[in-house]
Amino acid sequence: MKHFITLLSLLSSAAVVAQTAPGFSITGKIPGLKAGTKIELINTETQSRAEATAADGSFEIKGSVEMPSLFEIRFTNPEKLTNIKALQFMAENLPIQISATHLDSLPVYTDTGNLFGGNYDCISIKAGDAQKEYMQYLELIRPYEKASYDAFYNMLMDEKRDTSPEGQKRLEEAYSKAFSAHADAVYRFKNEHAAYHFCTGMWTNDLYTPFAHTEAEIQEIWNKVKDNNSPARLDAVRKAMEYARKYVKGKPYTDFALLDTEGNRHNMSEYIGKGKYVLIDFWASWCMPCRASIPVVREIYKKHSDKVDIYAISIDQDEKAWRQAMEQEKMEWNQRYAPGDMFQAVVEPYSVKGIPHMVLIDPQGKIAFVGHNAALITSVLDNI
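Residues take numbers from 1 onward in each chain, read along the sequence in its written order. Where totals are concerned, whole chains, interfaces and linings use all residues; where local detail is concerned, this predicted model gives features only for residues with pLDDT of at least 70, and gives and counts side-chain atom pairs only at 80 or more. Each side-chain value is derived from all of the structure's non-hydrogen atoms; neither hydrogens nor water enter the calculation.

S.K.: Can you help me understand the environment of D184 in this one?
M.R.: Structurally, D184 can be placed in helix α2 (residues 165–192). Its relative accessible area of 45% is what places D184 among the partly exposed residues. C-alpha of D184 to C-alpha of Y144: the two residues are 40 residues apart in sequence and 9.6 Å apart in space. Secondary structure elements follow DSSP: runs of H or I of four or more residues count as helices, runs of E of two or more count as strands, with numbering from the N terminus. Partly exposed residues are those whose accessible area sits between 20% and 50% of the maximum for their type, while under 20% is buried and over 50% is exposed, using a 1.4 Å probe and protein chains only.

Here it is as structure tokens:
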């Protein structure tokens, strides 16, 4: 699910290209797939794409990949643009065959970027070893994934849910339990099968979480995945390790300039090292996920003001919009402003790719946590 506004796009070079030897050929025969249906093939790791058009239930797409990678194929009927069907699978340079009893058997692609539903007993994907590894993962994870979704539905969307404070608390606890069980199952699988192509890809993605790993943890991830048999995949891991070392957990904070509500210029260093943690929340008036997270930040302020000072730093270009949003949201904590070049100065040292972007700095001036989810900050502070 998308929980923050993208500011920067860091897409790799295309990995779906005109077929050269060796390459893959994806063929499919799916009843219900109408002629003229648009077919998109997306490499989920690079976001590169190829397109084709269905012909009476069948299709073919050719290309090549540098390494076994997770792909998504989407089917869009021009008469039903909101009902997009999709599948995910691991592609490598060999023939791949996709079949299903009917198009309705396939999962639905949602506007959150997720796949929902689908009858996998009616779907067949014949590919290589990387796909077999991925299917092993899916067979284990699907029950946890369904339980997590069902708990989420019961908590927020079921019209018959118990909306009393006690009932809502029970539903929230049930969702938290199901979500944790799902996350734990994913971690166990990728830890036990780290050299699987899909799992090595997940570990690689983890390394791109800034300020999340110590040097020892970075090396530990390499030791887990180094037996992967794709040189290109291992090169991708090494590149991710370079990024992780640049943004290593516990790195000292980088000072930057900002303005207070009176327009006076300050440095962030004036507020750090005073015996408390400091939470920096980069946000903007126009960012709906930022404003949606404000109630969680308010709870942090009420619950942990004895151990953390909060600085909400707006990156609005329109000062009037910033001031209006402050008045609307009635944020009791410290408000600062970093427009234009002031914000640009923090993008690289804090790896800001989107907002909300939250940075937790410990009393010694070292970066303890960076993320987009205020609830995770709460979890960190609860354990301090």
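Picking up after the structure, the text goes on.
S.K.: Help me understand the nonpolar core in this model?
M.R.: In globular proteins that are soluble, nonpolar side chains generally tend to be buried together. Only buried residues count toward a nonpolar core, which is a set of Ala, Val, Leu, Ile, Met, Phe, Trp, Tyr and Cys residues joined through side-chain atoms within 4.5 Å. Counting residues in hydrophobic clusters, the biggest one holds 52 residues, and the most contacted among them are M268, I280, F282 and I313. With six residues, strand β14 (residues 277–283) is the single largest residue contributor to this core. Discounting residues that sit within four places of it in the chain, M268 has contacts with D255, F256, L258, V278, I280, Y311 and I313. Core analysis: the next-biggest nonpolar cluster, separate from the first, contains 25 residues, I26, L33, A52 and I73 among them. What makes two residues a contact is simply this: any of their non-hydrogen atoms within 4.5 Å.

S.K.: Mind showing me how you'd approach the pairing of strand β16 (residues 334–337) here?
M.R.: Where a strand is regular, its side chains alternate between the two sheet faces. Alignment of strand β15 (residues 308–314) against β16, held across four bridges, turns out to be parallel. Paired with S314 across the two strands is Y337, which belongs to β16. One crossover worth recording links β15 to the parallel β16 by way of helix α7 (residues 319–329), and it is right-handed. Here, a strand pair is defined by DSSP locating no fewer than two bridges between the strands. Handedness of a crossover is defined as follows: orient the strands so they point away from the viewer, and if the path from the first strand over the helix to the second runs clockwise, the crossover is right-handed.

S.K.: I keep staring at the packing of helix α1 (residues 129–156) against helix α3 (residues 197–207) and nothing clicks. Help me out?
M.R.: If you want to describe how two helices pack, look at the angle between their axes and the distance between the axes. Axes here mean lines fitted to C-alpha atoms, for a helix over just the part in contact, with angles spanning 0 to 180 degrees between N-to-C directions. In contact at an axis separation of 8 Å, α1 and α3 are set at 70° when each is read in the N-to-C sense. As summarised for this structure, α1 and α3 are arranged roughly perpendicular, according to the angle between their axes. The segment α1 lies against α3, with A130, E133, Y134 and Y137 engaging H197, F198 and M202. Across the contact of α1 with α3, the residue classes break down as five nonpolar, one polar and one charged. Orientation is classified from the angle alone, with under 35 degrees giving roughly parallel, over 145 giving roughly antiparallel, 65 to 115 giving roughly perpendicular, and any other angle giving oblique. Gly is placed with the polar residues, together with every amino acid not listed as nonpolar (Ala, Val, Leu, Ile, Met, Phe, Trp, Tyr, Cys and Pro) or charged (Asp, Glu, Lys and Arg).

S.K.: Explain the state of the cysteines to me, please; I cannot follow it from the model alone.
M.R.: Cysteine pairs can be covalently joined through their sulfur atoms, and such a bond is termed a disulfide. Cysteine sulfur pairs qualify as disulfides if the two atoms are within 2.5 Å. Summed over the entire model, instances satisfying the criterion amount to one disulfide. Two residues share a disulfide in this structure: C287 and C290, whose sulfurs sit 2.3 Å from each other. On the sign convention where negative is left-handed, the bridge of C287 and C290, at about 80° about the S-S bond, is right-handed. Neither residue differs from the other here; C287 and C290 are each classed as buried.

S.K.: Got a minute to help me understand the packing of aromatic side chains in this structure?
M.R.: Think of a pair of aromatic rings as described by two things: how far the centres are apart, and how the planes are tilted against each other in angle. Note on aromatic pairs: the rings of Phe, Tyr and Trp (six-membered ring only in Trp) are paired at centre separations within 6.5 Å, and the planes decide the class, stacked below 30 degrees, edge-to-face beyond 60, tilted for the rest. The final tally for this structure, using the stated rule, is 21 aromatic pairs. Through pairs of rings, three or more aromatic residues link up here, namely Y134, Y137, F189, Y196 and F198. Remark: a charge is flagged as sitting over a ring if the NZ atom of Lys or the CZ atom of Arg is within 6 Å of the ring centre and within 35 degrees of the ring normal. For the cation-ring pair, R74 lies above Y109, with the distance from its terminal atom to the ring centre recorded as 4.0 Å. Here R142 stacks its cationic end above the ring of Y120, 3.5 Å away from the centre of that ring.

S.K.: Whenever I open this one, the side chain of D260 confuses me. Can you help?
M.R.: As for its position among the elements, D260 is in the loop between β12 (257–259) and β13 (265–267). Think of it this way: Lys and Arg go in the positive column, Asp and Glu in the negative one, and His and the chain ends go nowhere. Any carboxyl oxygen of Asp or Glu that lies within 4 Å of a side-chain nitrogen of Lys or Arg is treated as forming a salt bridge with it. R336 provides the closest opposite charge to the buried, unpaired D260, separated from it by 5.7 Å. We call two N or O atoms a polar contact when they sit within 3.5 Å, provided that within protein one can donate a hydrogen and the other can accept it, with sequence-adjacent residues counted only if both atoms are side-chain atoms. A polar side-chain atom of D260 sits 2.8 Å from the main-chain amide nitrogen of E262. In this structure the side chain of D260 is engaged in a polar contact, spanning 2.8 Å, whose partner is the backbone nitrogen of N264. What D260 contacts, discounting residues up to four positions off in sequence, is H266, W322, Q335 and R336.

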